[in-house]
Amino acid sequence: TKVIRVAVRDGQTASRRRILYQGASALSPSQLDAEVGVWGLNDWGWLYPPSIANAITNRYDAEGYRQAKVAAADPVVVDGQALLTVTIEEGPLTTVASASVTGTEPPLAESVESIVSALEGRPYRYGEVDAAARQVERRYQSAGYNRVSVGPAVTAPPDSTSAEVRLEVTPGRQQRLA
């Protein structure tokens with residue numbers, strides 16, 4: 001037989017919970033609250049605050065703040081309100097220093113290069129690189145390259161604030177209806 005003993009102690013009662021974000025300027029509190037919700041941390045995060053720090057760090061990374069440092073303190077109750085403080089050091093924004101495309105077919109090269117070159121000078125965001133790759137893919141598919149493959153290759157050293165983006169196109173065979 002196994003016996004489990006549990007001791008439950010009364011804690012402080014809080015009528016409301018709120019996450020305080022200190023040091024956030026690139027993302028608003030509502031954006032950060034939404035990120036906490038996306039990760040399903042509205043309840044669990046209060047029991048394990050580092051999970052909130054991880055979610056917020058991932059969001060900053062996706063927004064181009066690859067060197068962001070995020071820490072979450074244990075919740076405290078102040079005047080009947082539970083407060084969880086998240087401290088954020090955003091760090092520098094990583095930008096796309098160069099963007100190129102390889103493997104293009106001559107009739108599509110110019111339009112595809114304009115899609116990719118639009119990334120230059122912009123913040124390095126995973127979503128924007130993926131969106132450019134999907135746009136190049138659709139351009140090829142509309143020209144009959146139904147098995148086109150477009151993959152991003154990114155060079156972004158961890159301590160750098162610049163990224164080099166290259167989209168590698170493997171067009172496959174063009175299909176034409178006679």
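Up top is the structure these notes are about.
First, a word on scope: everything that follows refers to the structure included in this document. This is a predicted model, so every value here is computed, not measured.

**Describing the sheet that holds strand β5 (residues 95–102)**
Phase 1: Within the open sheet, the three strands sit side by side as β5-β7-β6. Their pairing is mixed. Only two strands of the sheet have a single partner each, and these edge strands are β5 and β6 (149–155). Averaged over all adjacent pairs, the angle separating strand axes in this sheet is 20°, with direction ignored.
Phase 2: Pairing geometry for β6 and strand β7 (residues 162–170), over seven bridges, is antiparallel. Within the sheet, the bridge partner assigned to Ser149 lies in β7 and is Thr170.
Phase 3: Packing against the sheet, helix α4 (residues 106–117) makes contact with β5 and β7, and its axis sits at approximately 160° to β5.
Phase 4: Packed onto the sheet, helix α5 (residues 126–142) meets β6 and β7 and runs at close to 20° relative to β7.

**Some details on the pattern of salt bridges**
Phase 1: Applying the stated criterion across every chain yields a total of eight salt bridges.
Phase 2: When the shortest N-O distance is used, the salt bridge between Arg59 and Glu35 registers 3.2 Å. One end of the pair, Arg59, is in helix α3 (residues 50–62); the other, Glu35, is in helix α1 (residues 29–38), with 24 residues separating them in the sequence. Here the two residues Arg59 and Glu35 agree in accessibility, since each one is buried.

**Looking at α1**
Phase 1: Listed in full, the buried residues belonging to α1 are Leu32, Glu35 and Val36. Buried positions in α1, seen along its axis, are confined to an arc of 100° and lie on one side of it. Turned more than 90 degrees from where α1 packs its buried face, Ser30 and Val38 sit exposed.
Phase 2: Lining the buried residues of α1 we find β1 (16–22), α3 and β4 (81–89).
Phase 3: Following α1 by one or two positions, Gly40 has its phi on the positive side, about 70°.

**Re the packing of α4 against α5**
When two helices pack together, their arrangement is captured by the angle between the axes and the distance separating the axes.
Phase 1: Running from N to C, α4 and α5 cross one another at 165°; their axes reach a closest spacing of 9 Å. Compared by their axis directions, α4 and α5 come out roughly antiparallel. In the crossing of α4 with α5, the sense of the turn from one axis to the other is right-handed. Side by side, α4 and α5 meet where Leu108, Ser111, Val112, Ile115 and Val116 of the first sit next to Ala132, Gln135, Val136, Arg139 and Tyr140 of the second.
Phase 2: Split into classes, the residues belonging to the contact of α4 with α5 amount to seven nonpolar, two polar and one charged.

Calculation rules
Here the residue numbering is sequential within each chain, running from 1 through the sequence in written order. Local features are withheld for residues below a pLDDT of 70 in this predicted model, meaning they are given only at 70 or higher, and side-chain atom pairs are given and counted only at 80 or more; totals for whole chains, interfaces and linings count all residues. Hydrogens and water are ignored here; the side-chain numbers use all heavy atoms of the structure. Strand pairing is assigned whenever DSSP detects at least two bridges linking the two strands. The secondary structure listing takes helices from DSSP runs of H or I that are at least 4 residues long and strands from runs of E that are at least 2 residues long, numbered from the N terminus. Fitted lines through C-alpha atoms serve as axes, helices being fitted only where they are in contact, and the angles separating the N-to-C directions of these axes extend from 0 to 180 degrees. Should any heavy atoms of two residues lie within 4.5 Å, those residues are counted as being in contact. We count a salt bridge whenever a side-chain nitrogen from Lys or Arg sits within 4 Å of a carboxyl oxygen from Asp or Glu. Using a 1.4 Å probe on the protein chains alone, a residue whose accessible area is under 20% of its type maximum counts as buried, one over 50% counts as exposed, and one in between counts as partly exposed. The arc in question is formed by the directions pointing from the helix axis toward the C-beta atoms. Throughout this description, any angle smaller than 35 degrees is read as roughly parallel, any larger than 145 degrees as roughly antiparallel, any in the 65 to 115 degree range as roughly perpendicular, and the remainder as oblique. Should the near helix be turned anticlockwise from the far one by less than a right angle, the crossing is termed left-handed; should it be turned clockwise, right-handed. The classification used treats Ala, Val, Leu, Ile, Met, Phe, Trp, Tyr, Cys and Pro as nonpolar, Asp, Glu, Lys and Arg as charged, and all other residues, Gly among them, as polar.

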